[in-house]
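Summary of structural features
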Amino acid sequence: MKNIAIFASGSGSNFQAIVDAVKAGGLHVNIKMVVCDRPGAFVIERAKSNGMPHFIFSAKDYDSKEAFECAILKQLRSHDVEYIVLAGYMRLIGPTLLTEFPGRIINIHPSLLPSFPGKDAIGQALAAGVNVSGVTIHFVDEGMDTGPIIAQQIIDIDEHETKESLQGKIHQVEHQFYPAELQKLLGDYA
Ligand code: GAR
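This section reports on the structure supplied with the text. (Residues numbered from 1 in each chain as written. Predicted model: local features only at pLDDT ≥ 70, side-chain atom pairs only at ≥ 80, totals over all residues. Heavy atoms only, no water.)

Things to note about the packing of aromatic side chains
The cut-off we apply is this: Each Phe, Tyr or Trp ring (for Trp, its six-membered ring) is paired with any other whose centre lies within 6.5 Å, and the angle between the two planes then decides the class: stacked below 30 degrees, edge-to-face above 60, tilted in between. To sort residues, take the accessible area from a 1.4 Å probe on protein chains only and compare it with the maximum for the residue type: under 20% means buried, over 50% means exposed, and anything in between is partly exposed.
This model, assessed by the stated rule, comprises five aromatic pairs. Ring centres of Y62 and F68 lie 6.2 Å apart, and the angle between their planes is 70°; this geometry places the pair in the edge-to-face category. Take F68: its relative accessible area is 5%, and that puts it in the buried class. One aromatic cluster is present, built from ring pairs that chain together F55, F57, Y62 and F68.

Quick word on the sheet that holds strand 5 (residues 105-109)
What counts here: Should DSSP find at least two bridges between two strands, the strands are taken to pair. Numbering of helices and strands starts at the N terminus; helices are DSSP runs of H or I of at least 4 residues and strands are runs of E of at least 2. Axis lines are fitted through C-alpha atoms, for helices just across the contact stretch, and the angle between N-to-C directions can take any value from 0 to 180 degrees. Between two residues, a contact is recorded if the distance between any of their heavy atoms is within 4.5 Å.
The seven strands lie next to each other as 3-2-1-4-5-6-7, forming an open sheet whose pairing is mixed. Only two strands of the sheet have a single partner each, and these edge strands are strand 3 (54-56) and strand 7 (149-156). Looking at each pair of strands side by side, their axes are set apart by 20° on average, direction ignored. Strand direction decides the pairing type here: strand 2 (residues 29-36) and strand 3, joined by three bridges, are parallel. From the neighbouring strand, C36 faces strand 3, where its bridge partner is I56. This element, helix 1 (residues 13-24), spans strand 1 (2-8), strand 2, strand 4 (83-86) and strand 5 of the sheet and lies at about 160° to strand 2. Against the sheet, helix 6 (residues 163-186) makes contact with strand 1, strand 2, strand 4, strand 5, strand 6 (132-139) and strand 7, and its axis sits at roughly 155° relative to strand 7, the strand it touches most.

A short note on the site of the ligand
So the rule is basically this: Near residues are defined by distance, with any heavy atom within 4 Å of the molecule or strand qualifying the residue. Here a polar contact is taken to be a pair of N or O atoms separated by no more than 3.5 Å, where protein atoms must pair a possible hydrogen donor with a possible acceptor and residues adjacent in sequence count only if both atoms sit in side chains. Computed by Shrake-Rupley with a 1.4 Å probe, the accessible areas treat only the displayed protein chains as cover when residues are assessed. Classification used: nonpolar for Ala, Val, Leu, Ile, Met, Phe, Trp, Tyr, Cys and Pro, charged for Asp, Glu, Lys and Arg, polar for all others including Gly.
Looking at the ligand, the residues that line it are G10, S11, G12, S13, N14, G88, M90, I108, H109, P110, H171 and E174. One of the backbone nitrogen or oxygen atoms of G12 is found 2.8 Å away from an oxygen atom of the ligand. Here the ligand loses 89% of its free accessible area of 450 Å² to cover by the protein chains. Sorting the residues of the shell around the ligand by element identifies helix 1, strand 5 and helix 6 as the ones contributing at least two each. Its residues assigned to classes, the shell around the ligand comprises three nonpolar, eight polar and one charged.

Thoughts on the pairing of strand 1
Rules: For the handedness criterion, the strands are oriented away from the viewer, and a crossover whose path from the first strand over the helix to the second runs clockwise is classed as right-handed.
The buried fraction of strand 1 is high, at six of seven residues. Here strand 1 runs beside strand 2; their pairing, made up of seven bridges, is parallel. Looking across to strand 2, one finds that I6 is bridged to V34. The parallel pair strand 1 and strand 2 is bridged by helix 1, and the resulting crossover is right-handed. Bridge analysis of strand 1 against strand 4 gives four bridges, and the strand direction is parallel. Directly across from F7, in strand 4, lies its bridge partner L86.

Things to note about the environment of I105
As for its placement among the helices and strands, I105 is situated in strand 5. Taking the C-alpha atoms as reference points, I105 and H138, 33 residues apart in sequence, are found 8.6 Å from one another. When residues no more than four places from it in sequence are discounted, the contact partners of I105 are I84, L86, I93, L97, L98, H138, F139 and V140.

Section: helix 2 (residues 42-49)
Stated precisely, the cut-off is as follows: What the arc measures is the spread of directions leading from the helix axis to the C-beta atoms.
Taken together, the buried positions of helix 2 are occupied by V43, I44, R46 and A47. Across the axial projection of helix 2, the buried residues extend over an arc of 160°, all falling on one side. Among the structural elements, strand 1, helix 1, strand 2 and strand 3 are those in contact with the buried residues of helix 2. Trailing helix 2 by a residue or two, G51 shows a phi angle of about 65°, which is positive.

Right under this line is the structure:
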């Protein structure tokens, strides 16, 4: 089975969905560790309660992106990680990790890319007044949400949609979609 690390910055509901899919037998990968750039993020509690090794760091404790990515890389190597799965990791991946994992970093983004890249994709979609948005799973390159698209799902935006309601719909889709696409991409069919 392929060894993956999950990178997250926030609540980690996608992390949990991936863990649950592995436990339920629908996703055949080894989750070797969690990487989190926000001490205090709820994903750390989830990692702990799932008995998952984790590396937590603060960018401000390092001189540069290269420095903290080198620290991450050391951890990834020590856990034999082959693929990086971003699940709400709110930082651009730099050359250190891109060079070590070419075509082996996957991201999920809460919009139909190339629309609404970057931060607050849900707020951007609502502000633009579009009546559809969605979820994109893509390979990561050096740009901001610009890498080759793997799969997308469309989500309707209703007339009285709020940020919270759209966030909820997006999460509901993501929690099924991400594990299923990861299985197609990385999963062993034992
Ligand atoms: C997810 O909706 C994910 O698509 C988004 O962050 C959320 C994390 O939720 N990612 C991005 O915006 C990346 N640019 P979670 O912490 O509950 O999994």
